[in-house]
Amino acid sequence: MLPLAEAKPVHARWSEANRDFLEFVERNPAYLSRDSFASLRAERSLRKLPLQSWPLFAGAPQRAEVEGVALGIDRLMKSIYERFLHNDPARLMEFYRSNLPLPEDTEEDNFIALNLNQEFAELLLQEPTGIQGALSRADYIETRDGLQCIEYNAGGFIGGLQTGIIGDLYLETPAVAHFLRERNLRARSPDTLGALFRHLVEDTARIGAWRGGEFNVAVVAHPHEPDQVALHSAEVYTRELRRTLAATGTAPGGRVFVCGAEDLVGEADSLTLEGHPVHVVIEQHDGSADLRQVFWHFKQGQVNFFSGPVSVILCDKRNLALVSEHAGSDEFTAQERGLIERHVPWTRRVLPARTTFRGRALRLPDDLPEHREELVLKKATSFGGCEVHIGRFRTDEQWKRSIGRALREEDWIVQEYLETVPYCFQSGEVGVARHDLVWGLFAFGNHFGGAFLRLQPTAGSAGVVNTRQGAEVSVLLELEE
């Protein structure tokens with residue numbers, strides 16, 4: 001049971017209830033079994049999401065801490081276009097340049113690419129841009145020094161909107177309910193959908209695409225196939241939208257449609273679906289859906305779009321390098337510099353340059369080979385955990401080849417390797433194991449949407465934690481006072 005003992009102080013950092021839960025499992029060995037949490041996997045609509053048996057709990061102060069980090073980093077990342085690129089199309093094109101096409105052996109569905117020319121760059125930067133309103137889920141790992149933002153994802157297609165629904169499943173699981181009763185605790189799911197819909201209403205009113213009356217949302221699920229569509233329940237989404245509208249008193253009602261791109265009908269001055277006006281379109285697809293007519297209506301101020309072509313530059317990993325490179329700049333306030341120091345790891349673009357790393361001079365790319373154990377290479381336009389090359393899991397020769405490719409393609413970053421603290425979760429059919437954990441923190445404008453956790457056993461992860469590569473999903477349940 002050594003993994004449990006090692007993990008107790010790590011889990012307790014978020015609430016003593018987590019230490020109690022691990023001790024509860026020790027007293028009740030049946031809860032080491034995956035079968036004891038079978039009800040988690042009974043919800044067929046979530047079958048694409050492999051659910052971990054155990055949740056994590058957060059006390060009110062810790063929850064507030066996470067919220068502050070999520071919203072602060074989100075605002076920071078969205079400010080770089082004005083601060084450092086000056087909303088200038090030419091600077092935008094230069095910063096996001098890369099040597100395309102992709103190599104022949106690359107799986108293209110694991111990459112996003114945007115061919116910027118002057119005209120299109122100018123169009124992207126014309127209001128409304130979708131930048132400030134974009135939905136985000138930044139990914140963090142927890143080190144001995146706290147949460148570190150290793151990736152910033154923003155736009156329409158971000159996974160984990162079902163986090164609150166999954167949280168409800170944990171609370172209904174007999175084992176978790178038993179634990180909470182025994183400890184006289186109350187917990188709630190993160191209000192992910194409530195935070196989302198509050199933001200959609202506020203941002204859509206801000207850009208003038210909704211001026212009252214019913215508020216309708218279209219979620220474009222693509223490919224429009226059963227498993228993908230099942231993740232997005234129109235019934236559940238509509239219920240949560242109406243709950244939010246009633247609680248805020250902002251609209252008399254509304255509806256959420258889950259549809260394909262081809263279902264949307266463009267009128268002269270509006271977008272409709274099944275005869276209903278659509279005020280918001282949210283992308284939930286792999287980038288291959290044709291939503292050009294939605295983009296056109298968005299630019300006309302007739303519909304709000306989360307988030308269209310601008311998603312590609314929002315998700316580019318070089319943005320994190322831009323923040324890290326200017327960490328001490330007067331362009332940031334003292335509060336922002338503190339946020340960067342605490343939560344943004346050392347990150348640089350892989351381009352010829354002189355910099356410093358952990359207090360030492362570093363020449364890029366010349367000194368990268370000798371620092372293999374301390375560094376990670378990432379392609380800026382990749383997603384799904386692909387093209388993440390962790391030095392300590394590469395041979396010297398493999399590492400040199402990765403550096404060479406990064407220099408050729410010109411759209412890679414290098415980031416310091418961070419050691420995660422030792423979490424412990426249920427593993428296999430019966431048992432426990434140390435896990436690597438990635439925190440996905442949602443920021444929807446001024447609203448925090450909770451934490452979507454991805455984790456997998458340390459021994460098999462090779463440092464990359466992603467559901468496409470075998471990771472499981474859990475959530476951060478919020479303890480009530």
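Calculation rules
Residues numbered from 1 in each chain as written. Predicted model: local features only at pLDDT ≥ 70, side-chain atom pairs only at ≥ 80, totals over all residues. Heavy atoms only, no water. Buried < 20%, exposed > 50% of the residue type's maximum accessible area, 1.4 Å probe, protein only. Helix = DSSP H or I, 4+ residues; strand = E, 2+ residues; numbered from the N terminus. Pairing = 2+ DSSP bridges. Salt bridge = Lys/Arg side-chain N within 4 Å of Asp/Glu carboxyl O.

Turning to the pairing of strand β10 (residues 280–285), a few remarks are in order. Summarising burial for β10: six of the six residues are buried, a large majority. Burial along β10 is two-sided: Val-280, Ile-282 and Gln-284 and Val-281, Glu-283 and His-285, pointing in opposite directions, are all buried.

Right, let's talk about the sheet that holds strand β8 (residues 271–273) for a bit. With antiparallel pairing, the three strands of this open sheet are ordered in space as β7-β8-β9. This sheet does not close on itself; its edge strands, each paired only once, are β7 (265–266) and β9 (276–277). Examined bridge by bridge, β8 and β9 share two bridges and lie antiparallel to one another. Across the sheet, Leu-273 pairs through a bridge with His-276, a residue of β9.

On inspection of all chains with the given rule, the structure shows 40 salt bridges. The shortest N-O distance in the salt bridge between Glu-480 and Arg-186 comes to 3.7 Å. One end of the pair, Glu-480, is in the segment after β21 (472–479); the other, Arg-186, is in the loop between α8 (174–182) and β4 (187–188), with 294 residues separating them in the sequence. A relative accessible area of 29% means that Glu-480 is categorised as partly exposed. With a shortest N-O distance of 2.8 Å, Arg-318 and Asp-316 are connected by a salt bridge. Per residue, the accessibility class of Arg-318 equals that of Asp-316, and both read buried. It is possible to trace a salt-bridge network through shared partners that takes in Asp-191, Arg-198, Arg-239, Glu-240 and Arg-243.

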